[in-house]
Amino acid sequence: AAKEQGKARCVAFQADMHTRLVDQLDQERRLRVAIDRGELRLYLQPIVDTVAGRTEGVEALVRWQDPQAGLRAPGTFLPLAESTGLITDIDRWVLRESCLTLRAWQDEDPAGAPDWITVNISAALLDSPDLPDLVTRTLRDTGLRPEALLLEVTETTLMRDVAGTAPRLERLRSCGVRIAIDDFGTGYSSLGYLRDIPADVLKIDRSFLDGLVGSARHRDLLAAVVQLGHTLGLRVVAEGVEDAAQLAELVGLGCRYAQGYHLARPAPVAALRAAAQPVGG
Ligand code: C2E
Ligand code: MG
Ligand code: MG
Ligand code: MG
């Protein structure tokens with residue numbers, strides 16, 4: 001009887017595996033179709049200069065307008081995109097769309113448009129040898145100035161291979177685009193890579209804001225991180241600012257740039273531009 005039971009369990013397990021495999025293949029097919037059919041959407045989140053009180057830049061964040069599930073956040077489809085290699089197609093789409101969007105905005109409203117846009121680059125795209133060509137081609141095609149483009153690479157991606165990555169980033173910077181280190185402080189590793197990675201902007205992960213208000217220890221750690229960025233000559237952006245108290249702390253610590261729900265949620269460009277219009281203007 002024990003043997004029979006074991007067999008039945010095994011069959012059930014195989015059926016379950018099969019269902020999951022079919023489901024995964026179906027998801028992959030649907031994502032591929034989504035990219036081809038134009039179901040990806042560009043959302044932008046303001047990055048605010050807290051001294052000037054102005055949106056200086058925007059971060060490009062992808063969404064999937066899924067006909068079945070509605071608007072999907074990247075966390076629901078990027079892991080699959082990464083494991084199947086579709087991520088580079090998504091990143092390429094976001095890069096082009098970002099450049100087109102900011103170029104049009106700057107043309108139509110030179111005073112009101114942000115100065116730059118920052119685009120997330122996956123590990124797979126960073127590794128692809130044609131990235132510098134892709135970037136220069138995209139800038140040329142869209143007419144966006146290189147100074148108006150930042151590329152965000154996560155700390156975890158940078159730390160995989162510092163020696164191999166540094167010259168790639170240098171090559172990109174020689175085209176005039178700038179580099180941001182994303183999710184700083186989540187890599188659980190040495191700071192040594194900061195010495196060798198050429199970058200312009202440091203984005204402090206939002207986990208540093210947890211418990212900030214009311215804890216001297218949290219504040220001291222954040223102060224040290226902000227100071228570290230400035231010492232290295234980087235512009236420092238705090239990510240995930242959710243309330244006025246956090247913003248006040250950051251400003252007090254000399255962190256000039258902030259991004260977060262308290263300032264603005266990610267939104268399509270039309271919504272951002274409508275919100276930026278002065279009332280009645
Ligand atoms: P990220 O690059 O660190 O982007 C910041 C994320 O924090 C965004 O999530 C943003 O919506 C969210 N966020 C902003 N302000 C706040 C806040 O005040 N509180 C909280 N709790 N969250 C806030 P989102 O849009 O869901 O994107 C998640 C991640 O997906 C991004 O993290 C990035 O790593 C990745 N991602 C998004 N778009 C792309 C893309 O086009 N290509 C690649 N390779 N990755 C992308
Ligand atoms: Mg980012
Ligand atoms: Mg981040
Ligand atoms: Mg991230």
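Cut-offs applied
Residues numbered from 1 in each chain as written. Chains lettered and ligands numbered in written order. Predicted model: local features only at pLDDT ≥ 70, side-chain atom pairs only at ≥ 80, totals over all residues. Heavy atoms only, no water. Helix = DSSP H or I, 4+ residues; strand = E, 2+ residues; numbered from the N terminus. Buried < 20%, exposed > 50% of the residue type's maximum accessible area, 1.4 Å probe, protein only. Donors = N, O, S within 2.8 Å, 3.2 Å for Na, K, Ca; no water. Near = heavy atom within 4 Å. Polar contact = N/O pair within 3.5 Å; in protein donor to acceptor, adjacent residues only side chain to side chain. Areas by Shrake-Rupley, 256 points an atom, 1.4 Å probe, with all protein chains shown as cover. 1 Å grid on protein atoms, 1.4 Å probe; cavity = no way out; pocket = protein on both sides within 12 Å on 5 of 7 lines; lining within 4 Å. Sits in = over half its atoms within 2 Å of the grid points. Nonpolar A, V, L, I, M, F, W, Y, C, P; charged D, E, K, R; others polar. Pairing = 2+ DSSP bridges. Salt bridge = Lys/Arg side-chain N within 4 Å of Asp/Glu carboxyl O.

- Looking at an unreviewed UniProt entry, one finds the chain named EAL domain-containing protein and attributed to Dactylosporangium aurantiacum.

### Quick look at the environment of Pro-129
Turning to step 1, where the next piece is worked out: With respect to the element layout, Pro-129 can be found in the loop between α4 (123–127) and α5 (131–142).
Turning to step 2, where the next piece is worked out: Under the relative-accessibility criterion, Pro-129 is labelled exposed at 72%.
Turning to step 3, where the next piece is worked out: Sequence separation between Pro-129 and Ala-104 is 25 residues; the distance between their C-alpha atoms is 29 Å.

### Examining the coordination of the magnesium ion (ligand 3)
For a metal bound by four donors in a tetrahedral arrangement, the ideal donor-metal-donor angle is 109.5 degrees, while six donors in an octahedral arrangement ideally sit at 90 or 180 degrees.
Turning to step 1, where the next piece is worked out: Protein ligation of the magnesium ion (ligand 3) involves Asp-182 (OD), Asp-183 (OD), Glu-239 (OE) and Glu-239 (OE), the donor distances falling in the range 2.0 to 2.4 Å.
Turning to step 2, where the next piece is worked out: Taken in sequence order, the residues that donate to the magnesium ion (ligand 3) follow the motif D-D-x55-E.
Turning to step 3, where the next piece is worked out: Assessed through its relative accessible area of 24%, Asp-183 is described here as partly exposed.
Turning to step 4, where the next piece is worked out: A relative accessible area of 10% places Glu-239 in the buried class.

### What to know about the site of ligand 1
Turning to step 1, where the next piece is worked out: The full set close to ligand 1 counts 23 residues, and Arg-63, Asp-91, Asp-182, Glu-242 and Tyr-261 are the nearest of them.
Turning to step 2, where the next piece is worked out: Separating an oxygen atom of ligand 1 from a side-chain N or O atom of Asn-120 is a distance of 3.0 Å.
Turning to step 3, where the next piece is worked out: At 3.0 Å, a side-chain N or O of Asp-183 approaches an oxygen atom of ligand 1.
Turning to step 4, where the next piece is worked out: Notes on ligand 1: free accessible area 800 Å², of which the protein chains cover 82%.
Turning to step 5, where the next piece is worked out: Of all the cavities here, the one that holds ligand 1 is the largest pocket.
Turning to step 6, where the next piece is worked out: Contributions of two or more residues to the shell around ligand 1 are made by β2 (54–66), α3 (87–108) and β6 (178–184).
Turning to step 7, where the next piece is worked out: At four residues, the largest contribution of residues to the shell around ligand 1 is made by β2.
Turning to step 8, where the next piece is worked out: Its residues assigned to classes, the shell around ligand 1 comprises nine nonpolar, five polar and nine charged.

### Considerations on the pairing of strand β5 (residues 149–154)
Turning to step 1, where the next piece is worked out: With five of its six residues buried, β5 lies for the most part within the structure.
Turning to step 2, where the next piece is worked out: In terms of strand pairing, strand β4 (residues 116–120) meets β5 through four bridges, oriented parallel. If you follow Ile-117 over to β5, its bridge partner there is Leu-149.
Turning to step 3, where the next piece is worked out: Sheet topology note: the β5/β6 ladder contains five bridges and is parallel. Within β6, the residue paired with Leu-151 across the bridge is Ile-179.

### Digging into the pattern of salt bridges
Turning to step 1, where the next piece is worked out: Under the defined criterion, the tally for this structure stands at 21 salt bridges.
Turning to step 2, where the next piece is worked out: Salt-bridge contacts for Arg-30 lead to Asp-66; the nearest nitrogen and oxygen are separated by 3.1 Å. Here Asp-66 lies in strand β2 and Arg-30 lies in helix α1 (residues 2–37), a separation of 36 residues in the sequence.
Turning to step 3, where the next piece is worked out: Under the relative-accessibility criterion, Arg-30 is labelled buried at 13%.
Turning to step 4, where the next piece is worked out: By relative accessible area, Asp-66 is classed as buried at 1%.

### Quick word on the coordination of the magnesium ion (ligand 2)
Turning to step 1, where the next piece is worked out: On the protein side, the magnesium ion (ligand 2) has Glu-59 (OE), Asn-120 (OD1), Glu-152 (OE) and Asp-182 (OD) as donor atoms, found 2.0 to 2.3 Å from it.
Turning to step 2, where the next piece is worked out: In the primary structure, the donors to the magnesium ion (ligand 2) are separated according to the pattern E-x60-N-x31-E-x29-D.
Turning to step 3, where the next piece is worked out: In this model, the magnesium ion (ligand 2) sits 4.0 Å from the magnesium ion (ligand 3), the two metals being bridged by Asp-182. Here Asn-120, found in strand β4, pairs with Asp-182, found in strand β6; they are 62 residues apart in sequence, far enough to count as distant.
Turning to step 4, where the next piece is worked out: Note on Asn-120: relative accessible area 23%, which makes it partly exposed.
Turning to step 5, where the next piece is worked out: The exposure class of Asp-182 is buried, given its relative accessible area of 4%.

### Quick look at the environment of Glu-4
Turning to step 1, where the next piece is worked out: Summarising the element assignment, Glu-4 is placed in helix α1.
Turning to step 2, where the next piece is worked out: Under the relative-accessibility criterion, Glu-4 is labelled exposed at 54%.
Turning to step 3, where the next piece is worked out: Along the sequence, Glu-4 and Val-22 sit 18 residues apart, while their C-alpha atoms lie 27 Å from each other.

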